[in-house]
Amino acid sequence: MIKKYFLRHAQTFFFSLGQLTRTPVAALLTVAVIGITLALPAGFYVAIENMQRVARGWEDNGQISLFLKQDVSPAAAAKLADKIRRLPAVSWVDYVSREAALAEFKRLSGFGEALDALERNPLPAVLVVHPAAAHADPDSLQALLKELRRQSEVDIAQLDLDWVRRLHAMLGLARESVLILAGGLAIAVLLIVGNTIRLAVLNRRDEIEIIKLIGGTNAFIRRPFLYTGLLQGLLGAILAWLLVSLALLLLANPIGQLASLYGSQFEVQNLGFQSTLALIGMGGLLGWLGSRLAVGRHLRSIEPR
Amino acid sequence: MIRFTHVAKRYPGGFDALRNINLNIAAGEMAFITGHSGAGKSTLLKLITLIERPTRGEAFVNGKNLTKLPRRRIPYFRRDIGVVFQDYKLLQDRTVYDNVALPLIVTGADDREIPRRVRAALEMVGLLDKERMYPITLSGGEQQRVGIARALVNKPPLLLADEPTGNLDARLADEILDLFLGFHHHGVTVLIATHDGHLIDRARKRVIELSHGELARDTGAGA
């Protein structure tokens, strides 16, 4: 009995697949529209996931940059560095001399020649203070920052964690926005599938009438349409995945170059296995649901005359 | 098989298609429903197949009360009635075989049973050699025979026909009538709506005549 049930469903599934190949252009168009619609939130999701991965890396080495006053001599700077190194909250301190800062800036900014024209080095010396892991919580960092600001040689003390936090907050906001966008686009997919199925139902009006006259139940008539919707949703989701992958492939090179400028080995990651399953499952579900809503509404209107 | 007591059908808008119909057709009987256009023949058939519901009176078909049968039971109710149409109502994009198999697929018949039963039905109407053809390539008489095979493939106890020979010439109409007489002989209840007098004269069966929605003449059972 159960075997028969599954056999019948399998038959309907392949019949629906056959129906799709009979009108390839219409089917392809629907699948393409669903694919693009789903690719939008999926693409944003991938982008945000990757940005969050980058930001997580930054957060681990939250650091305080001390920009020293212009008149502080290298010897005084070294002395200050030694003093800070002895603070319990500090793990280590990097000293970037004015000359080293200028050389680095020349190398990275591309203004090399132009900078040679300057009479004197405009850059301050910098002490980069790495807090000890045990003192990396926000309160300790704030206390450390306050103490460092009190040093007379320090012009500006900047906690680099601030903007990382802001970035995180922004990414969090973007994530929520993607959810809202995805919700809106999910409704769009429902409408797209619903409209396609509506047309399919009306196209087969005579057939539906005849099946009703010879005793076909609504469930029997609905079944091929539900499979059609399910298939379109699944194929649309697979297309969305392919589109996102293609976009990442095209962006892999520029992103790699950008990352190397920051001295990073960062590589973009596509949707993970679970997210891919979720995307395809969502596509199938939306296709089925859109079809169910449309068929339910239009089947009632078709009665034998 | 069919029992109507004081049945009336009024369509929305106030048109009375049938008024106070009393009718009793026993199992295994064969009868013709006749009358001018608009007399109510089609409405009567629509009531029997539950395309429409009676507005007044009591109607029983196959032991089921037509005024009380819930909507969701209608498909199962229709499986016991074979219907033949004037315009055949075949699916043009399916072969003769698939058209005849449709009622079996709809009712979830055993897959191994289907070919045997489809071929038996096609043999009955003499179209066994055309099972791979599409309806459009068949003559009108052949298409109607496909329709009849489809109506009977489920072996329903009741066969309804709505102007089954309306689009056929006299010779083909006679062939179709012979098929119906054969089914009647095998115990199927047959009810044919027609205004083809020649057909009625030739069959010499019970005649129920409608006029302006009322029963004008009923030659009664056993005529």
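Residues numbered from 1 in each chain as written. Chains lettered and ligands numbered in written order. Predicted model: local features only at pLDDT ≥ 70, side-chain atom pairs only at ≥ 80, totals over all residues.

Notes on the overall build of chain A
Then, in step 1: Secondary structure assignment for chain A yields 10 helices and 4 strands.
Then, in step 2: In chain A, the order of α-helices and β-strands from amino to carboxyl end is α-α-β-α-β-α-α-β-α-β-α-α-α-α.
Then, in step 3: By the compact-globule yardstick of 19 Å for 305 residues, chain A is too spread out, its C-alpha radius of gyration being 31 Å.
Then, in step 4: Taking the principal axes of the C-alpha coordinates as reference, chain A spans close to 100 × 45 × 30 Å.
Then, in step 5: Put simply, chain A has 305 residues, and 25% of those count as buried.
Then, in step 6: In chain A, once contacts between residues fewer than 6 apart in sequence are set aside, the share between residues at least 24 apart is 86%. (Helix = DSSP H or I, 4+ residues; strand = E, 2+ residues; numbered from the N terminus. Rg over C-alpha atoms; globule rule 2.2 N^0.38 Å. Buried ≥ 20, exposed ≤ 12 C-beta atoms within 10 Å, placed from the backbone. Contact = placed C-beta atoms within 7 Å.)

Here we look at the nonpolar core
Then, in step 1: Formed by 68 residues in total, the largest nonpolar core has its most connected members in Ile33(B), Val100(B), Ala149(B), Leu159(B) and Leu160(B).
Then, in step 2: Those residues in contact with Leu160(B) that sit more than four places away from it in its chain are Leu45(B), Ile48(B), Thr49(B), Ile81(B), Val83(B) and Leu191(B).
Then, in step 3: The next biggest cluster of nonpolar side chains, apart from the first, holds 33 residues, and it includes Ala39(A), Val193(A), Leu239(A) and Ala240(A). (Core = buried A, V, L, I, M, F, W, Y, C linked by C-beta atoms within 7 Å.)

Some details on the domain arrangement of chain B
A common way to express how large an interface is: the accessible area buried when the components associate.
Residues and elements named next belong to chain B.
Then, in step 1: Domain boundaries assigned for chain B yield domain 1 (1–80 + 158–223) and domain 2 (86–155).
Then, in step 2: Inter-centroid distance (C-alpha atoms) of domain 1 to domain 2 is 23 Å.
Then, in step 3: Across the contact, 13 residues belong to domain 1 and 10 residues belong to domain 2.
Then, in step 4: For the side of domain 1 that touches domain 2, the secondary structure elements donating two or more residues are β7 (158–162) and α6 (170–185).
Then, in step 5: Here the residues of the side of domain 1 that touches domain 2 sort into 7 nonpolar, 2 polar and 4 charged. (Domains from an automatic or database assignment. Nonpolar A, V, L, I, M, F, W, Y, C, P; charged D, E, K, R; others polar.)

Side note on the sheet that holds strand β4 (residues 154–159) of chain A
All names here are of chain A.
Then, in step 1: Across the sheet, 4 strands lie side by side as β2-β3-β1-β4; this open sheet has antiparallel pairing. One side of each edge strand has no neighbouring strand; the edge strands of this open sheet are β2 (90–96) and β4. Going from strand to strand, the sheet's axes swing by 20° on average, the running direction of each strand aside.
Then, in step 2: Relative to β4, strand β1 (residues 64–68) is paired through 5 bridges, and the arrangement is antiparallel. In the sheet register, Leu68 faces β4, and the bridge partner there is Val154. (Pairing = 2+ DSSP bridges. Axes fitted to C-alpha atoms, helices over the stretch in contact; angles between N-to-C directions.)

So, unusual backbone geometry
Generally, phi is negative for residues other than glycine and the peptide bonds are trans, each holding for most cases.
Residue and element names in this part refer to chain B.
Then, in step 1: We note that Tyr88 has phi near 65°; this positive angle belongs to a residue other than glycine.
Then, in step 2: Position of Tyr88 among the secondary structure elements: in the loop between β6 (81–84) and α3 (96–106).
Then, in step 3: Take Tyr88: there are 20 C-beta atoms within 10 Å of it, and that puts it in the buried class.

Some thoughts on the interface of chain B and chain A
Then, in step 1: Between chain B and chain A, the residue contacts involve 13 residues of the former and 11 residues of the latter.
Then, in step 2: Taken together, the elements giving at least two residues each to the side of chain B that touches chain A come down to α2 (74–78) and α3 of chain B.
Then, in step 3: Looking at side-chain class alone, the side of chain B that touches chain A contains 8 nonpolar, 2 polar and 3 charged residues.

Quick look at the packing of helix α5 (residues 140–152) of chain B against α6(B)
Describing two packed helices takes the angle between their axes plus the distance from one axis to the other.
Residues and elements named next belong to chain B.
Then, in step 1: Running from N to C, α5 and α6 cross one another at 15°; their axes reach a closest spacing of 10 Å. Relative to α6, the element α5 lies roughly parallel. Crossing handedness for the pair α5 and α6: right-handed. Contacts from Gly140, Gly141, Gln144, Ile148 and Leu152 in α5 reach Leu172, Glu175, Ile176, Leu179 and Phe183 in α6.
Then, in step 2: Each residue belonging to the contact of α5 with α6 can be placed in one class, and the counts come to 6 nonpolar, 3 polar and 1 charged. (Parallel < 35°, antiparallel > 145°, perpendicular 65-115°, else oblique. Left-handed = near helix turned anticlockwise from the far one by under 90°.)

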